[in-house]
Amino acid sequence: MDKKNALRAGALAAGTTLMMLLMSSPALALTRDDGDDPGTGLSVIETLGLYVLLPIGLFVVIAGLVMVLDRSQEKHRVTSRNVKTKANAKA
């Protein structure tokens with residue numbers, strides 16, 4: 001029963017993807033619109049900096065700020081020093 005549902009979902013996803021590819025027309029991207037004035041393209045270094053290095057840098061800055069400005073109490077942090085394995089309840 002599980003294989004049948006997986007096959008149905010795969011067929012639906014493949015069919016949807018195929019229809020979307022057929023409906024889109026990349027050939028229209030070659031025709032220029034009125035008033036279209038594209039600028040110069042980006043170099044490889046500019047592209048890597050904009051789409052790879054900048055997001056990684058933003059992630060590092062945000063993670064650093066979260067770690068530095070963390071004001072949670074020590075007793076709420078889960079570390080190997082404050083993990084208790086014995087139950088406090090009495091039966």
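Let me sum up the structure you'll find in this document. Computed from a predicted model, the values in this text were never measured in an experiment.

### Looking at the overall build of the protein
Turning to step 1, where the next piece is worked out: The helix and strand inventory of the protein stands at two helices and zero strands.
Turning to step 2, where the next piece is worked out: Each of the 91 residues in the protein was classed as buried or not, and the buried ones make up 0%.
Turning to step 3, where the next piece is worked out: Taken as a whole, the protein presents about 9200 Å² of accessible surface, with 67% of it coming from carbon and sulfur.

### As for helix α1 (residues 2-23)
Turning to step 1, where the next piece is worked out: With 22 residues, α1 should reach 32 Å at 1.5 Å per residue; the first-to-last C-alpha distance of 32 Å fits that figure.
Turning to step 2, where the next piece is worked out: In terms of residue burial, α1 counts as a barely covered element, since only zero of its 22 residues are buried.

### Topic: helix α2 (residues 44-68)
Turning to step 1, where the next piece is worked out: If you check α2, its first and last C-alpha atoms are 34 Å apart, about what 25 residues at 1.5 Å a residue would give, namely 36 Å.
Turning to step 2, where the next piece is worked out: The largest bend in α2 is about 35 degrees, located at Leu53, with the proline Pro55 one to four residues further on.

Reading guide: rules and limits
Within each chain, residues carry numbers counting from 1 in the order of the written sequence. Local features in this predicted model are restricted to residues of pLDDT 70 or higher, and side-chain atom pairs are both shown and tallied only at a pLDDT of 80 or more, whereas totals for entire chains, interfaces and linings draw on every residue. To obtain the side-chain values, all non-hydrogen atoms of the structure were included, while hydrogens and water were left out. Note on conventions: DSSP H or I runs of at least 4 residues are helices, E runs of at least 2 residues are strands, and numbering of each starts at the N terminus. Only protein chains enter the accessibility calculation, which uses a 1.4 Å probe. A residue is then buried if its area is under 20% of the maximum for its type, exposed if over 50%, and partly exposed in between. Here the accessible surface of atoms and residues is derived via Shrake-Rupley with a 1.4 Å probe, and residues count as covered only by protein chains that are part of the display. Given a helix with a known number of residues, its expected span is that number minus one, times 1.5 Å. Bend, in this description, refers to the angle at a residue between axes fitted to the seven residues ending there and the seven starting there.

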